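# Coordinate inspection notes
Letter by letter, the chains look like this.
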Amino acid sequence: MVKSWLEYSIEVLEAKKLKKPIVALESTIIAHGMPYPQNVETAKEVENIIRENGAVPATIAIINGKIKIGLSNEELQFLATSENVQKASRRDLPYLVATKKNGATTVASTMICAQMANIEVFVTGGIGGVHRGAEKTMDISADLQELARTNVAVVCAGAKSILDLGLTLEYLETHGVPVVGYETNIFPAFFTRKSPFHVNYRVNSPEEAAEIIRTKWDLGLNGGLVIANPIPEKDALNEAFMNSIIEEALKQAKENHITGKEVTPFLLSKVKELTNGSSLNANISLIKHNAEIGAKIAISLKK
Ligand code: PSU
Ligand code: MN
């Protein structure tokens, strides 16, 4: 029984009773995606943006083997500072729960836990995807497989071009995952509003997004959707600059023989280092914007 593993915060429990819209948030971005103290500050700000927009935030993590749906300030602080928190994707959940350990949930595992808690909307920064060179390494994020099977809409700023964005979109297409642009026709590349790729469909309001999400599930079509919301113009980084940084990060990952679940965190931290922190500012800006749009979509879905 899934239920006994789940532990809700008081705020989320109350929201469930009152049938309020709830928005899930991941914790890998807190534990492994951003430095302290920006990680915990951003986590709290993102939660507040969701509240200000009329929904209830539920940050998800594994703490002492419990699947936490909604975290206290102390728990956020713990995730932001402890060395003792593993990056937890689908395959890591059984081990961490069985041995009562701590895990920061990725997009894949946050989707799984959100579905267990009947939460339909999840806000994050960027999804994992097909890595460049995957035809040799077979490095494809479990996030994509989760989008194929789990009924949660993921609001993000696209995917970082540390990935092969073209192959990522092909994979999503094969698995029937709609990629919906929020006020854009172009698939955004996280730090930049543009990429060489198009989204499948464009929506211009939370209501239109909610309509597609609800219709997908009403049709019995299991799986998630990607709602791609580009970074605000004023905080977007230069495309050529970012491409050169990403090339350098990929080169260093290869030289250091980085594999498995270490690949994404390694590339993210190299990008951060090589941009002297300007990537962090962009990251914070885009996730806040996603929180606003995600809250509005969650509200529309409840109507
Ligand atoms: N991409 C980002 N920032 C992140 C991640 C991805 O721009 O923090 C994290 C997310 O938690 C995502 C995970 O689910 O990395 C993907 O890891 P992997 O490629 O190992 O599946
Ligand atoms: Mn991988």
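What you see as residue numbers is a count from 1 along each chain, following the sequence as written. Lettering of chains starts at A and numbering of ligands starts at 1, both following the order in which they are written. Selection of residues for local features in this predicted model requires a pLDDT of at least 70, selection of side-chain atom pairs for listing and counting requires 80 or more, and totals for whole chains, interfaces and linings are taken over all residues. Side-chain metrics in this entry use all non-hydrogen atoms of the structure; hydrogen atoms and water are not considered.

An unreviewed UniProt entry lists the protein under the name Pseudouridine-5'-phosphate glycosidase, with Bacillus aquiflavi given as the organism. UniProt positions are given in the numbering used here, feature names are shortened, and annotations may be inferred rather than shown by experiment. In its Sequence similarities (unreviewed entry) section, UniProt records this for the protein: "Belongs to the pseudouridine-5'-phosphate glycosidase family." In its Catalytic activity (unreviewed entry) section, UniProt records this for the protein: "D-ribose 5-phosphate + uracil = psi-UMP + H2O".

### Description of the UniProt feature "active site" (unreviewed entry) in the protein
Within the UniProt annotation, "active site" (unreviewed entry) is assigned to Glu26 and Lys160. Checking the annotated residues one by one, the ones that line the largest cavity turn out to be Glu26. Relative to the helices and strands, Glu26 is located in the loop between strand S2 (22-25) and helix H2 (28-33). Setting aside anything within four residues of it in sequence, one finds Glu26 in contact with Thr59, Ile60, Thr105, Thr106, Val107, Thr110, Phe122, Val123 and Thr124. Here Ile29 takes part through its backbone nitrogen, which lies 3.2 Å from a polar atom of the side chain of Glu26. With respect to the helices, strands and loops of the structure, Lys160 is situated in the loop between strand S8 (153-156) and helix H9 (165-174). Using a 1.4 Å probe on the protein chains alone, a residue whose accessible area is under 20% of its type maximum counts as buried, one over 50% counts as exposed, and one in between counts as partly exposed. Classification of Lys160 as buried rests on a relative accessible area of 11%. By definition, residues are in contact when any of their heavy atoms lie within 4.5 Å. The contact partners of Lys160, leaving out residues within four places of it in the chain, are Leu165, Ala189, Phe190, Phe191 and Leu268. Lining residues are those with an atom within 4 Å of a point, where the points come from a 1 Å grid over the protein atoms alone and group into cavities, where a 1.4 Å probe fits but cannot get out, or pockets, open sets with protein on both sides within 12 Å along at least five of seven lines. Secondary structure is summarised from DSSP: a helix means a run of H or I of at least four residues, a strand means a run of E of at least two, and numbering begins at the N terminus for each. The definition of a polar contact used here is a pair of N or O atoms within 3.5 Å, where within protein one atom must be able to donate a hydrogen and the other to accept one, and adjacent residues in sequence count solely through side-chain atom pairs.

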